[in-house]
Amino acid sequence: MYKLICSTLLSLFTGIIHANNLHYETLAANTQTAILHESSDQAASYTEYAAVADSITWLISMSRRLEKFIPDPIEREEFLRTVFYEATRAGLDPQLVLSVIQVESGFKKYAISHAGARGYMQVMPFWIEAIGHRDHNLFHLRVNLRYGCTILRHYLNKEKGDYFRALGRYNGSLGEVTYPQLVFNKWQTTWRYTAS
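Calculation criteria
Numbering of residues starts from 1 in every chain and runs along the sequence as written. For a predicted model such as this one, the threshold for reporting local features is a pLDDT of at least 70, and the threshold for listing and counting side-chain atom pairs is 80 or more; totals across whole chains, interfaces and linings nevertheless cover every residue. Side-chain numbers here rest on the full set of heavy atoms in the structure, without hydrogens or water. Strands are runs of DSSP state E lasting at least 2 residues, helices are runs of H or I lasting at least 4, and numbering of each runs from the N terminus. Burial classes follow relative accessibility: with a 1.4 Å probe on protein chains only, a residue under 20% of its type's maximum area counts as buried, one over 50% as exposed, and anything between as partly exposed. For accessible areas, the Shrake-Rupley method is used with a probe of radius 1.4 Å. Any residue's cover is judged against the shown protein chains and nothing else. Salt bridges are defined as contacts in which a side-chain nitrogen from Lys or Arg sits within 4 Å of a carboxyl oxygen from Asp or Glu. Lines fitted to C-alpha atoms define the axes here, with helix axes fitted over just the stretch in contact, and angles between the N-to-C directions of these axes take values from 0 to 180 degrees. Left-handed describes a crossing whose near helix is turned anticlockwise from the far helix by less than a right angle; the clockwise case is right-handed. The contact criterion used is simple: two residues touch if any of their non-hydrogen atoms lie within 4.5 Å. The classification used treats Ala, Val, Leu, Ile, Met, Phe, Trp, Tyr, Cys and Pro as nonpolar, Asp, Glu, Lys and Arg as charged, and all other residues, Gly among them, as polar. One less than the number of residues in a helix, times 1.5 Å, gives the span that helix is expected to have. Working definition: roughly parallel below 35 degrees, roughly antiparallel above 145 degrees, roughly perpendicular at 65 to 115 degrees, and oblique for all remaining angles.

Q: Whenever I open this one, the overall build of the chain confuses me. Can you help?
A: Regarding its fold elements, the chain presents eight helices and two strands. Taken from N to C terminus, the helices and strands of the chain fall in the order β-β-α-α-α-α-α-α-α-α. Considering the chain as a whole, with its 196 residues, one finds that 51% of them fall into the buried category. Accessible surface, the chain as shown: approximately 9800 Å² in total, 54% of it carbon and sulfur.

Take a look at the structure:
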């Protein structure tokens, strides 16, 4: 079974790295999770998914909604298993993560923003130096989701559970309403899910 690994990788890092309005801040102790050496593009396995999911109902429901963005059923299922696993691992609602991905990249694996953020969750490259390994590729599915979920969890902890402010920090638009509202709208409409 997959083990969670905590790291003191950032305990000595005190600098602040700026990129547009985004900047790195030392992660809280409970979110200093190692990004590990998973620099491959492999999806979460069925075993990993089954360890955190109690049924396949979520997978089926979300797959139908995601079909217009990721038409290939195998790629779509691998993507959803990995989103569910990485979101749950970070203590996040998988539907929130899907909402962030839709707003950030429109489910485009190789998306690059004008500021240089990369991949599904639009992770800034400075996070590689701050919390990862220099050989990590932010376009790899699992690496991108691991970073994005870890960073979002950090901001949620920093903002004491305030999703509005955490999302603003994640996007580099703290204090502005547009980005958090876009994510909330997707979370409450497109990706809303109630377990039966």
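Q: Quick question: what am I supposed to make of the pattern of salt bridges here?
A: Close approach of charged atoms lets side chains of opposite charge pair. Under the counting rule described, the total for this entry stands at five salt bridges. One salt bridge connects Arg-81 with Glu-77, and the closest N-O pair in it is separated by 3.3 Å. One end of the pair is Arg-81 and the other is Glu-77, both in helix α3 (residues 73-89) and four residues apart, which spans about a single turn. Notably, a salt bridge pairs Arg-165 with Glu-159, separated by 2.7 Å at the nearest N-O pair. Arg-165 sits in the partly exposed class, given a relative accessible area of 33%. The class of Glu-159 is buried, set by a relative accessible area of 12%.

Q: Quick question: what am I supposed to make of the packing of α3 against helix α4 (residues 94-105) here?
A: Relative placement of two packed helices is described by the angle separating their axes and the distance separating the axes. The interhelical angle for the contact between α3 and α4, taken along N-to-C directions, is 115 degrees, at an axis separation of 8 Å. Taken as a pair, α3 and α4 cross one another with a handedness that is right-handed. Residues Phe-79, Leu-80, Val-83, Phe-84, Ala-87 and Thr-88 of α3 form the contact with α4, whose own contacting residues are Pro-94, Val-97, Leu-98 and Ile-101. Partitioning the contact of α3 with α4 into residue classes produces nine nonpolar, one polar and no charged.

Q: Help me understand unusual backbone geometry, please; the structure alone is not making it clear to me.
A: Generally, phi is negative for residues other than glycine and the peptide bonds are trans, each holding for most cases. Positive phi values are uncommon outside glycine, yet Phe-107 reaches one of about 65 degrees. Given the relative accessible area of 5%, Phe-107 is considered buried. Its identity as a non-glycine residue notwithstanding, Gln-122 has a phi of 50 degrees, on the positive side. Note that Gln-122 resides in the loop between α4 and α5 (126-131). Looking at Gln-122, the relative accessible area reads 8%, which means it is buried.

Q: Help me understand helix α6 (residues 141-158), please; the structure alone is not making it clear to me.
A: Counted at 1.5 Å a residue, the expected span for α6 with its 18 residues is 26 Å, and the 26 Å between its end C-alpha atoms agrees. After α6 finishes, the residue Lys-160 shows a positive phi value of roughly 50 degrees.

Q: What's the story with the packing of helix α2 (residues 57-66) against α3 in this structure? I'm lost.
A: Running from N to C, α2 and α3 point in directions that differ by 120 degrees, and their axes come no closer than 10 Å. With respect to α3, the axis of α2 lies oblique. The handedness of the crossing between α2 and α3 is right-handed. Facing Trp-58, Leu-59, Met-62, Ser-63 and Leu-66 of α2, the residues of α3 in contact are Arg-76, Glu-77, Phe-79, Leu-80, Arg-81 and Phe-84. Within the contact of α2 with α3, the residues separate by chemical class into seven nonpolar, one polar and three charged.

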